[in-house]
Amino acid sequence: MPEKPSDLVQGTLDMLILKTLALEPTHGYGISVRIEQMSKGVFRLNAGSLFLAIQRLERDGLIEGEWKPTENNRRARYYVLTQKGRKRLDNETREWGRQVAAIARILEAS
Amino acid sequence: MSLLRNVARGLRSLFRKEHVNRELNEELGAYLEMAAAEKMKDGLSRKDALRAVRLEQGSVEVTKEVVRPARWESFVENCWQDLRFAARILRKNPGLTFAAVLTAALGIAANVTVFSVVDALFLRSVPAKNPERLVRILAPENNGGGVFSVPEFRYLREHSKTVDELTAHYSTAPLYVSANDETGEVQGAVVSSSYFSMLGLRPYLGRFFTPDEDSVADRNAVAVLGYGFWQRIYNGDSAVIGRTFLINGQAFTVVGIMPADFHGVEIGGMPNEIWIPAMMIHVGYRYCDGFQPSCTILSIMGRLKSGISAAEAQAEIATLMQQLRASNSAFDERYGASVTPAVGMSGNREYNLMLARLLSAIAGILLLIVCANLGGLLVARGTGRGREIAMRLALGAGRGRIVHQLLTESLVLAFAGGAVGFLLSTWTSRLLVNFYSVDDEGYKHLFDVRPDATVLLFSLAVTAAAGVLFGLLPALQASRTDLNDALKGGGSPVGANRKSSRTALATVQVAFSLALLVGAGLLARSAAFIQSGSNMDLHHVLGLRLPVSLIHYPPDKARTFKQEVVRRLRELPGVESVSLAKGQGLLWNPWLSGRATLPGKMYAKLEEQPRVSVKPIAPNYFATLRIPFVSGRDFNDSDNPGSPPVTIVNETFARQIAANRLPLGQTVLIDDKPYQIVGLVKDAQMRSVIEGPLPVAYVPFWQDETLLEARMCIRLAGDPAAALPMVRKAIASIDPAVPVTETMPLMDQVRGAYTDARVASTVLSCAALLALILSAMGLYGVVSYEVGRRTKEIGVRTALGARPHDVVQLFLRQGFRVVLSGVLFGGGLAFATTRLLGAWLFGVGSADPLSFGAATAVLLCTTVTATYLPARQAMRVDPIVALRYE
């Protein structure tokens with residue numbers, strides 16, 4: 001790893017999980033690997049905060065879990081994005097884009 | 001949806017805890033396995049891979065601890081755990097638990113009791129099916145009581161567009177009833193036919209009267225009977241429908257029976273037992289012609305049309321009343337009207353509110369004392385449990401968690417106390433409302449104090465508040481336990497602040513107790529003063545009323561009948577003297593019914609002549625009521641219609657009208673008629689003792705042939721209530737048809753007249769007694785705890801040669817400090833607060849030295865004893881045992 005992994009921006013973990021699951025339903029470990037890969041190792045998740053977020057999203061009805069066998073014959077909980085989750089992801093993505101653009105404008109101001 | 005899902009999940013994990021935990025375990029396990037498998041691909045052994053993952057992710061257990069508490073159900077779980085733990089702890093110490101629960105129960109019961117009565121008086125809706133939009137429509141107060149006449153009611157009913165089902169009722173009609181061979185006075189209501197539909201009533205049997213039966217004056221003599229009356233008089237015989245009975249001598253037909261739990265629309269009113277149509281008002285009311293515009297006796301209720309506010313209805317009614325007056329000058333001038341929700345008592349609200357406020361304040365103070373007491377108890381116990389709490393803190397429990405645990409314990413105590421207190425209050429609130437259940441004319445009033453939802457809610461709120469109030473300080477303090485001190489095992493892990501908070505709590509109790517005691521003393525003295533009256537003695541006097549006009553006695557027959565009654569009663573054994581007086585109750589507010597002046601004195605207008613109270617009485621009136629004569633003679637048998645008019649006046653009359661010259665033999669004009677003054681009596685004051693004496697001219701009852709009705713007063717050697725059957729029998733032997741009503745010992749009448757003073761004084765006395773006991777207990781606890789804690793020190797002191805009484809003094813001094821500061825604070829508090837009692841104090845000042853002195857003395861005796869008893873234990877400490885114990 002080239003650099004020390006950095007902390008997630010506050011409140012973005014849910015959005016990242018939703019995005020990961022929008023690409024493909026997977027289990028907890030899958031989510032953490034995908035986020036690490038896609039961020040090129042910048043973001044590394046701790047199991048505690050990951051499962052806390054999963055629990056929260058599931059309770060809010062944004063994702064749904066189901067027990068399934070894995071490739072190497074273990075049981076794991078696979079998570080799927082619900083209709084509501086997809087909508088939330090769209091909203092958050094749009095909102096995020098707005099914010100990033102705004103922050104960029106401020107930072108680039110001279 | 002998501003909330004529902006959240007709750008569903010939460011409940012699932014609550015009830016299937018094992019399963020959910022297993023799932024979490026498995027999921028985390030899978031996660032680790034997969035992470036390890038990834039590492040093994042890099043060539044690590046399985047063991048090393050797992051180790052590496054654990055290093056990266058931290059322990060599985062910690063992860064679980066992070067994930068689990070984030071769920072709301074884990075909070076519930078904690079509560080449940082705390083609850084079970086609290087129950088276990090409290091069970092282990094049954095003595096302390098019992099004392100605490102009992103103390104809490106008393107404090108809570110006091111508050112619930114007072115609230116139940118407030119609820120019964122002010123918050124209950126009229127007993128109707130949908131009471132929300134029911135309103136009372138009150139006429140302006142310029143002609144008393146907010147009541148209307150029949151023509152006014154008709155006009156409003158025809159023209160109002162804001163109120164539906166406008167209903168008139170006169171719910172305090174004493175009816176003299178003969179039914180099924182029984183006669184007696186029954187409380188009736190004269191009501192318009194809309195009464196039943198407005199209230200949504202269904203007859204238990206038969207039917208209610210129809211609008212047609214309530215449309216023509218004096219035509220339809222039909223009646224609906226109360227369930228209780230029907231059971232009592234007709235034994236619940238359903239064949240009674242269609243039968244007739246007599247009301248005030250007129251035959252009425254029974255058309256229906258009311259449901260069992262309906263007693264009328266007046267909250268705290270006299271329970272109605274017979275309902276007759278408004279068009280039969282001549283039977284129900286005799287003092288003016290019910291159909292005349294000026295005969296205002298009807299109360300009006302109705303249901304607001306939907307979308308109409310009370311204010312809109314009020315404006316409309318006021319306008320209508322003005323229009324009516326403009327069209328016909330026979331109607332009284334009315335200024336406005338008021339429309340209020342039909343909730344609580346309709347009359348005397350202000351007055352009773354004042355009492356309610358006083359009672360609530362007393363109960364509130366008592367609850368504070370209870371909380372201080374329990375707080376002290378729990379602080380002490382927190383100290384005893386210092387080591388347990390320190391251990392838990394050391395093992396990683398957060399402060400919040402400890403406070404949570406201890407608060408749970410105090411809430412368990414509070415709710416146990418609340419449950420007992422609630423049960424207790426169902427009994428005590430009945431006791432309290434009993435004060436209101438008989439008025440000063442002997443009539444029964446009905447208040448429903450069965451706990452309703454409002455009372456239950458109030459009890460829960462008070463209980464929770466009390467639990468937090470007395471639990472919070474001890475809990476916070478215990479959570480601040482110094483780990484080092486406590487675990488070092490010094491045996492007395494007590495911080496100075498903890499001791500001082502106990503002392504402070506004990507001081508608070510003593511102070512508030514003193515304030516309550518002073519208040520109780522003041523009110524007791526005031527109540528005694530009010531009821532003592534002056535220059536009269538009503539003990540052993542029985543009063544009753546013979547309303548002969550109810551059975552249409554002509555004047556001459558009424559006269560001979562009453563003379564015969566006086567003669568017969570006088571001959572009865574145990575009867576010392578008998579007399580009678582006209583009209584108003586013996587103790588009613590004397591009414592300034594006449595004008596009086598000396599002959600020759602001129603006034604430009606009649607209204608300028610001085611007003612006096614004119615009271616027709618029979619001979620022996622003064623002897624019967626023990627009103628002392630100053631000079632002159634009593635009336636006698638020769639003061640009859642043929643003889644010159646005479647009068648006996650009281651001292652105030654002599655002073656005000658006769659200019660203080662001894663008026664015997666002088667002539668005075670009363671309502672322009674000359675009377676010769678033959679006697680002078682002292683100012684007899686009972687009712688008006690708090691208002692000052694009024695001028696009274698007594699005139700001979702027998703001299704006025706037009707007088708029909710009178711109230712008898714009979715002085716007996718023994719208990720007046722016990723003599724009542726004998727008196728009734730004697731009267732019945734002359735004419736069994738004459739009703740004998742309003743029978744009561746006159747002292748009961750006095751008690752009825754001063755209900756509020758008695759209620760306030762009784763409640764305050766009970767509260768003060770309770771407070772005294774509690775503060776004594778609190779003080780005992782503080783001192784005896786100190787003795788126990790300092791056993792070792794006492795041992796050392798004794799071993800070093802301290803004499804026993806030196807040791808005792810050590811603790812006495814501490815107790816006395818509490819008592820003294822409590823008395824100082826309490827004295828100041830009492831001085832500041834008893835002023836608020838001002839409106840209740842008669843014949844005694846709010847700074848009455850006797851009340852303050854007596855209260856302080858009682859408090860000192862009790863608290864000094866409560867200090868001395870445990871302090872003496874210190875004397876018995878054996879130094880050898882004490883030192884070895886360590």
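Residues numbered from 1 in each chain as written. Chains lettered and ligands numbered in written order. Predicted model: local features only at pLDDT ≥ 70, side-chain atom pairs only at ≥ 80, totals over all residues. Heavy atoms only, no water.

Regarding the overall build of chain A
Reasoning step 1: Along its length, chain A carries four helices and three strands.
Reasoning step 2: Traced from its N-terminal end to its C-terminal end, chain A shows the element sequence α-β-α-α-β-β-α.
Reasoning step 3: Looking at chain A as a whole, 38% of its 110 residues qualify as buried.
Reasoning step 4: Within the structure as shown, chain A displays about 6,800 Å² of accessible surface, and the carbon and sulfur contribution to it stands at 52%.
Reasoning step 5: Across chain A, the 18 positively charged side chains and the 14 negatively charged ones have centroids separated by 2 Å. (Helix = DSSP H or I, 4+ residues; strand = E, 2+ residues; numbered from the N terminus. Buried < 20%, exposed > 50% of the residue type's maximum accessible area, 1.4 Å probe, protein only. Areas by Shrake-Rupley, 256 points an atom, 1.4 Å probe, with all protein chains shown as cover. Lys, Arg positive; Asp, Glu negative; His and termini not counted. Charge placed at Lys NZ, Arg CZ, Asp CG, Glu CD.)

A closer look at the nonpolar core
Residue and element names in this part refer to chain B.
Reasoning step 1: L359, I362, F470, L516, L523 and V759 are the most contacted members of the largest nonpolar core, which has 77 residues in total.
Reasoning step 2: Secondary-structure elements contributing two or more residues to this core are α6 (94-123), α12 (349-384), α14 (399-434), α15 (453-479), α17 (496-532), α23 (755-789), α25 (804-833) and α26 (849-875).
Reasoning step 3: Apart from residues lying up to four places away in sequence, L516 is in contact with I362, I365, L366, I369, L764, A767, A768 and A771. (Core = buried A, V, L, I, M, F, W, Y, C linked by side-chain atoms within 4.5 Å. Contact = heavy atoms within 4.5 Å.)

A closer look at the packing of aromatic side chains
Reasoning step 1: Taken as a whole, this structure holds 20 aromatic pairs over all chains when the rule is applied.
Reasoning step 2: Taken together, a centroid distance of 5.0 Å and an interplanar angle of 85 degrees make the contact between Y204 of chain B and Y227 of chain B edge-to-face. Placement of the pair is Y204 of chain B in the loop between α8 (194-199) and β4 (205-206) and Y227 of chain B in helix α9 (residues 227-234), with a sequence separation of 23 residues.
Reasoning step 3: Under the relative-accessibility criterion, Y204 of chain B is labelled partly exposed at 44%.
Reasoning step 4: What makes Y227 of chain B partly exposed here is its relative accessible area of 23%.
Reasoning step 5: A ring pair is formed by Y621 of chain B and Y698 of chain B, whose centres lie 6.0 Å apart and whose planes are at 45 degrees; its orientation type is tilted. Of the two residues, Y621 of chain B sits in helix α19 (residues 621-625) while Y698 of chain B sits in strand β19 (residues 696-700), which places them 77 residues apart along the sequence. For the pair Y621 of chain B and Y698 of chain B, one class covers both residues: buried.
Reasoning step 6: Within the aromatic cluster, the residues linked to one another by ring pairs are Y195, F196, F208, F209, F262 and W275 of chain B.
Reasoning step 7: Its guanidinium or amino end placed over the ring of Y78 of chain A, K68 of chain A lies 5.6 Å from that ring's centre, counting from NZ or CZ. (Phe/Tyr/Trp six-rings, centres within 6.5 Å; stacked < 30°, edge-to-face > 60°. Lys NZ or Arg CZ within 6 Å of the ring centre and 35° of its normal.)

Digging into α14 of chain B
Reasoning step 1: With 36 residues, α14 of chain B should reach 52 Å at 1.5 Å per residue; the first-to-last C-alpha distance of 50 Å fits that figure.
Reasoning step 2: Largest kink in α14 of chain B: about 30 degrees, centred on S425 of chain B. (Expected span 1.5 Å × (residues − 1). Bend = angle between axes of the 7 residues up to and from the residue.)

Quick notes on the packing of helix α2 (residues 17-41) of chain B against helix α4 (residues 60-67) of chain B
Residue and element names in this part refer to chain B.
Reasoning step 1: For the pair α2 and α4, the least separation of the axes is 11 Å and the interaxial angle reads 130 degrees. Of the possible angle classes, the one that applies to α2 and α4 is oblique. In the crossing of α2 with α4, the sense of the turn from one axis to the other is right-handed. Facing α2, whose interface residues are L24, N25, L28 and L32, α4 presents V60, T63, K64 and V67.
Reasoning step 2: Of the residues in the contact of α2 with α4, the class split is five nonpolar, two polar and one charged. (Axes fitted to C-alpha atoms, helices over the stretch in contact; angles between N-to-C directions. Parallel < 35°, antiparallel > 145°, perpendicular 65-115°, else oblique. Left-handed = near helix turned anticlockwise from the far one by under 90°. Nonpolar A, V, L, I, M, F, W, Y, C, P; charged D, E, K, R; others polar.)

Topic: helix α13 (residues 386-394) of chain B
Residues and elements named next belong to chain B.
Reasoning step 1: Every buried residue of α13 is listed here: G386, I389, A390 and L393. Around the axis of α13, the buried residues are gathered within 100 degrees of arc, so they sit on the same side.
Reasoning step 2: In the segment just after α13, G396 is the residue with positive phi, at about 110 degrees. (Arc of directions from axis to C-beta.)

Quick look at a positive patch on the surface
Reasoning step 1: A cluster of basic side chains, namely R84, R88, R91 and K92 of chain B, defines a positive patch on the protein surface.
Reasoning step 2: The exposure class assigned to K92 of chain B is exposed, which follows from its relative accessible area of 70%. (Patch = residues over 30% accessible without salt bridge, like charges linked within 9 Å, V, L, I, M, F, W, Y side chains within 5 Å. Salt bridge = Lys/Arg side-chain N within 4 Å of Asp/Glu carboxyl O.)

What about a nonpolar patch on the surface?
All names here are of chain B.
Reasoning step 1: Taken together, the side chains of V7, L11, F15, W72, F75 and V76 define a hydrophobic patch exposed on the protein surface, amounting to about 560 Å² of accessible area.
Reasoning step 2: When contributions to the nonpolar patch are tallied by element, the ones reaching two or more residues are α1 (2-15) and α5 (72-92).
Reasoning step 3: With respect to the helices and strands, the residue L11 is situated in helix α1.
Reasoning step 4: When its relative accessible area of 37% is taken as the criterion, L11 is described as partly exposed.

With respect to the environment of K129 of chain B
Residue and element names in this part refer to chain B.
Reasoning step 1: Mapped onto the elements of the fold, K129 is located in the loop between α6 and β1 (134-138).
Reasoning step 2: Considered as a pair, K129 and R84 are 45 residues apart in the sequence and their alpha carbons are 44 Å apart.
Reasoning step 3: With sequence-adjacent residues up to four places away left out, K129 is seen in contact with L199 and G200.

Let's talk about unusual backbone geometry
Reasoning step 1: Unusually for a residue other than glycine, K40 of chain A sits at a positive phi of about 55 degrees.
Reasoning step 2: Take K40 of chain A: it is sitting in the loop between α2 (28-38) and α3 (47-59).
Reasoning step 3: Look at K40 of chain A and you get exposed, because its relative accessible area is 72%.
Reasoning step 4: Of note in this structure, R626 of chain B is not a glycine but carries a positive phi near 55 degrees.

Examining the pairing of strand β16 (residues 646-650) of chain B
Residue and element names in this part refer to chain B.
Reasoning step 1: In terms of residue burial, β16 counts as a mostly covered element, since five of its five residues are buried.
Reasoning step 2: Of the two faces of β16, the one holding V646, I648 and N650 and the one holding T647 and V649 are both buried throughout.
Reasoning step 3: Two elements, β16 and strand β18 (residues 673-681), share five bridges in a ladder whose sense is parallel. Bridge assignment links V649 to a residue of β18, and that residue is L680.
Reasoning step 4: Sheet analysis places β16 next to β19, joined by two bridges and oriented antiparallel. Of the residues in β19, the one forming a bridge with I648 is Y698. (Pairing = 2+ DSSP bridges.)

What to know about the side chain of S851 of chain B
Residue and element names in this part refer to chain B.
Reasoning step 1: Tracing the backbone shows S851 in helix α26.
Reasoning step 2: Judged by relative accessible area, which is 4%, S851 ranks as buried.
Reasoning step 3: Separated by 2.6 Å, the side chains of S851 and D848 make a polar contact.
Reasoning step 4: In this structure S851 touches V518, G521, L522 and R525, once residues within four positions along its chain are discounted. (Polar contact = N/O pair within 3.5 Å; in protein donor to acceptor, adjacent residues only side chain to side chain.)

With respect to the interface of chain A and chain B
Reasoning step 1: Contacts between the two partners involve 25 residues from chain A and, on the opposite side, 26 residues from chain B.
Reasoning step 2: Both faces considered, chain A and chain B share a buried interface measuring about 2,400 Å² in area, 55% of it formed by carbon and sulfur atoms.
Reasoning step 3: In terms of surface lost to chain B, no three residues of chain A exceed Y29, F51 and R59 of chain A, which account for 33% of the buried area on that side.
Reasoning step 4: Taken together, chain A and chain B are joined by one salt bridge.
Reasoning step 5: For R75 of chain A, the salt bridge is made with E26 of chain B, and the minimal N-O distance between the two is 3.0 Å. (Buried area = accessible area lost by both parts, 1.4 Å probe.)

Things to note about the state of the cysteines
Residue and element names in this part refer to chain B.
Reasoning step 1: Considering all chains together, one arrives at one disulfide over all chains under this definition.
Reasoning step 2: For C288, the disulfide goes to C295, at an S-S distance of 1.9 Å. Judged by the sign of its S-S torsion, about 70 degrees, the bond between C288 and C295 is right-handed.
Reasoning step 3: By relative accessible area, which is 1% here, C295 ends up buried.
Reasoning step 4: In this model C766 remains outside any disulfide bridge; the closest cysteine sulfur is found in C371, 20 Å from its own. (Disulfide = S-S within 2.5 Å.)

Some remarks on the pairing of strand β13 (residues 594-597) of chain B
Residues and elements named next belong to chain B.
Reasoning step 1: The alternating pattern of β13 places G594 and A596 and R595 and T597 on opposite faces, both of which are buried.
Reasoning step 2: As judged from the two bridges shared by β13 and strand β14 (residues 611-617), these two strands associate in the antiparallel manner. When the bridges of β14 are listed, G594 appears paired with V612.

Some points on the environment of M270 of chain B
Residue and element names in this part refer to chain B.
Reasoning step 1: One can find M270 in the loop between β7 (250-257) and β8 (274-277).
Reasoning step 2: Given a relative accessible area of 14%, M270 falls into the buried group.
Reasoning step 3: Taking the C-alpha atoms as reference, M270 lies 8.9 Å from S437; in sequence the two are 167 residues apart.
Reasoning step 4: Contact partners of M270, with chain neighbours within four places excluded, come to S171, T172, Q187, H263, D439, Y443, K444 and H445.

As for the pattern of salt bridges
Pairs may arise between side chains of opposite charge once their charged atoms sit close together.
All names here are of chain B.
Reasoning step 1: As enumerated under the stated definition, the model contains 33 salt bridges over all chains in all.
Reasoning step 2: Between E564 and R567 there is a salt bridge; the shortest N-O distance is 2.7 Å. Of this pair, E564 and R567 both sit in helix α18 (residues 555-571), separated by three residues, roughly a single helical turn.
Reasoning step 3: On the basis of relative accessible area, E564 is assigned to the partly exposed category, the value being 22%.
Reasoning step 4: Take R567: its relative accessible area is 41%, and that puts it in the partly exposed class.
Reasoning step 5: If you follow the salt bridges from partner to partner, you end up with D119, R124, D448, R450 and D452 in one network.

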